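# Structural description and commentary
Single-letter residue listing:
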Amino acid sequence: MKKLLLFICTFSMLSAFAAKPKNQYIRIKTAFGECIVKLYNETPLHRDNFLKLTKEGYYNGTLFHRVIKDFMIQGGDPDSRNAKPDSLLGEGGPKYTIPAEFRDSLFHKKGVLAAAREGDVVNPQKASSGSQFYLVQGKVFTDEQLNSVEEKRLKFKIPEWQRQIYKTIGGTPHLDRNYTVYGEIVMGLDMVDKIAAVLTDKNNRPKQDVRMDITVLKRREAKKLEKQLAQGFRA
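Residues numbered from 1 in each chain as written. Predicted model: local features only at pLDDT ≥ 70, side-chain atom pairs only at ≥ 80, totals over all residues. Heavy atoms only, no water.

With that settled, the discussion passes to the packing of helix α3 (residues 143-154) against helix α4 (residues 160-168). For the pair α3 and α4, interaxial distance at closest approach is 10 Å and the crossing angle is 125°. In terms of their interaxial angle, α3 and α4 are classed as oblique. Both α3 and α4 take part in a crossing whose hand is right-handed. Taking contact as the criterion, the partners of D143, L146, N147 and E150 in α3 are, on α4, R163, Y166 and K167. Residues of the contact of α3 with α4, tallied by class, amount to two nonpolar, one polar and four charged. (Axes fitted to C-alpha atoms, helices over the stretch in contact; angles between N-to-C directions. Helix = DSSP H or I, 4+ residues; strand = E, 2+ residues; numbered from the N terminus. Parallel < 35°, antiparallel > 145°, perpendicular 65-115°, else oblique. Left-handed = near helix turned anticlockwise from the far one by under 90°. Contact = heavy atoms within 4.5 Å. Nonpolar A, V, L, I, M, F, W, Y, C, P; charged D, E, K, R; others polar.)

Shown next, in the form of structure tokens:
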């Protein structure tokens, strides 16, 4: 009996240790702090591509090259790594795109990770850039402003529960179902606010380079994070 109990306890411990986290997480480090982003399982093409590039070190040393206060901070252009001051950025990336993965439940609230892309004229399918992304800062909206966004930009009704978030936390609702949202910041949202406040030039490039390093959280760290999040922890 003792041997059986020992086996059961050992098996339970090993199973708990081996259990996979529910999501994949990445850490973005900058001189303005760091944040941890949960990648959505509902957008597997974008999730897996971002993980692949991150594991390859693709983003390390690149810049947040386009920053617009109350809107978003954009990065992921490999050409930004050794860019000269005042050079125009935003055209670099791998020679492929990712099919759009729009989900009604995934929207542009403050703190989400979304894919940049070419405009509708040359990209009517709204396919995403292979590497460039943005983190939403956005702003808080009133009902009247959201009504205007619905009529003039979206041509569909924003669900009430999403409206409440746009009216309290904020975001960029006019981008919904036009750009793929595939993750959200779960810790370190203030990093976005700090970067969004930097001085920029006429091309919205920060006058002082904002470099990033991105890594994937290991399984044990991700499991610990999910436990903290389940207990309502935020940092």
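A few words now on the sheet that holds strand β9 (residues 181-187). What the eight strands build is an open sheet, ordered β3-β4-β8-β6-β9-β2-β1-β10; its pairing is antiparallel. Strands with a single pairing partner mark the edges of an open sheet, and in this sheet they are β3 (64-68) and β10 (213-216). Averaged over neighbouring strand pairs, the angle between their axes works out to 25° when direction is ignored. Sheet topology places strand β6 (residues 112-115) next to β9; three bridges connect them, and they run antiparallel. Pairing of L113 across the sheet is with G183, part of β9. Relative to the sheet, helix α2 (residues 44-55) contacts β1 (24-30), β2 (33-39), β6, β8 (133-136), β9 and β10, its axis offset from that of β10 by approximately 115°. (Pairing = 2+ DSSP bridges.)

With that settled, the discussion passes to the side chain of D201. When you line up the elements, D201 lands in the loop between α5 (190-196) and β10. Among buried charged residues, D201 stands out as having no salt bridge; its nearest opposite-charge side chain is R205, 5.4 Å away. Contact partners of D201, with chain neighbours within four places excluded, come to D86 and K207. (Buried < 20%, exposed > 50% of the residue type's maximum accessible area, 1.4 Å probe, protein only. Lys, Arg positive; Asp, Glu negative; His and termini not counted. Salt bridge = Lys/Arg side-chain N within 4 Å of Asp/Glu carboxyl O.)

Let's shift gears to the confidence of the model for the protein chain. Parts of the prediction with low pLDDT should not have their coordinates interpreted in detail. On average, residues of the protein chain carry a pLDDT of 93, and 91% of them reach 70 or more. The low-confidence segment residues 10-17, where pLDDT is below 50, has two contacts with residues more than four positions distant or belonging to other chains. (pLDDT = per-residue confidence, 0-100.)

Before going further, it helps to examine the packing of aromatic side chains. Here the structure, examined in full by the defined rule, presents nine aromatic pairs. Centre to centre, the rings of Y58 and Y59 are 5.5 Å apart; their planes meet at 75°, and the pair counts as edge-to-face. Over the ring of Y179 we find R117; its NZ or CZ atom is 4.2 Å from the centre of that ring. Between the NZ or CZ atom of R177 and the centre of the ring of F156, over which it lies, the distance is 3.8 Å. (Phe/Tyr/Trp six-rings, centres within 6.5 Å; stacked < 30°, edge-to-face > 60°. Lys NZ or Arg CZ within 6 Å of the ring centre and 35° of its normal.)

Turning next to the nonpolar core. Ranked by internal contacts, the top residues of the largest apolar core, which has 27 residues, are I28, F64, F133 and L135. In terms of residues, this core owes the most to one element, α5, which gives four residues. Excluding its chain neighbours within four sequence positions, the residues that come into contact with F64 are I28, T30, I73, Q74, G75, F133, L135, I195, P206, V210 and M212. Counting residues in each nonpolar core, the second largest holds 11 residues, with Y40, F71, M72 and V181 among its members. (Core = buried A, V, L, I, M, F, W, Y, C linked by side-chain atoms within 4.5 Å.)

With respect to the helices, strands and loops of the structure, S129 is situated in strand β7 (residues 128-129). Engagement of the side chain of S129 in a polar contact is seen with the backbone nitrogen of S131, the distance being 3.2 Å. If we skip the residues at most four places from it in the chain, S129 touches Y96, I98, A116 and R117. (Polar contact = N/O pair within 3.5 Å; in protein donor to acceptor, adjacent residues only side chain to side chain.)

A few words now on the pairing of β9. With respect to burial, β9 is a largely interior element, seven of its seven residues being buried. Relative to β9, β2 runs antiparallel, the two being bridged by four bridges. Following the sheet pairing, I36 is matched in β9 by M187.

Turning next to the environment of N23. Summarising the element assignment, N23 is placed in the loop between α1 (2-18) and β1. As for N23 and N41, which are separated by 18 residues in sequence, their C-alpha atoms are 6.8 Å apart. What N23 contacts, discounting residues up to four positions off in sequence, is K38, L39, Y40, N41 and E226.

Look at α2: 16 Å from first C-alpha to last across 12 residues, which is about the 16 Å you get at 1.5 Å a residue. Considered for burial, the residues of α2 that qualify are H46, R47, N49, F50, L51, L53 and T54. Positioned one or two residues after α2, G57 has a phi angle of 80°, which is positive. (Expected span 1.5 Å × (residues − 1).)

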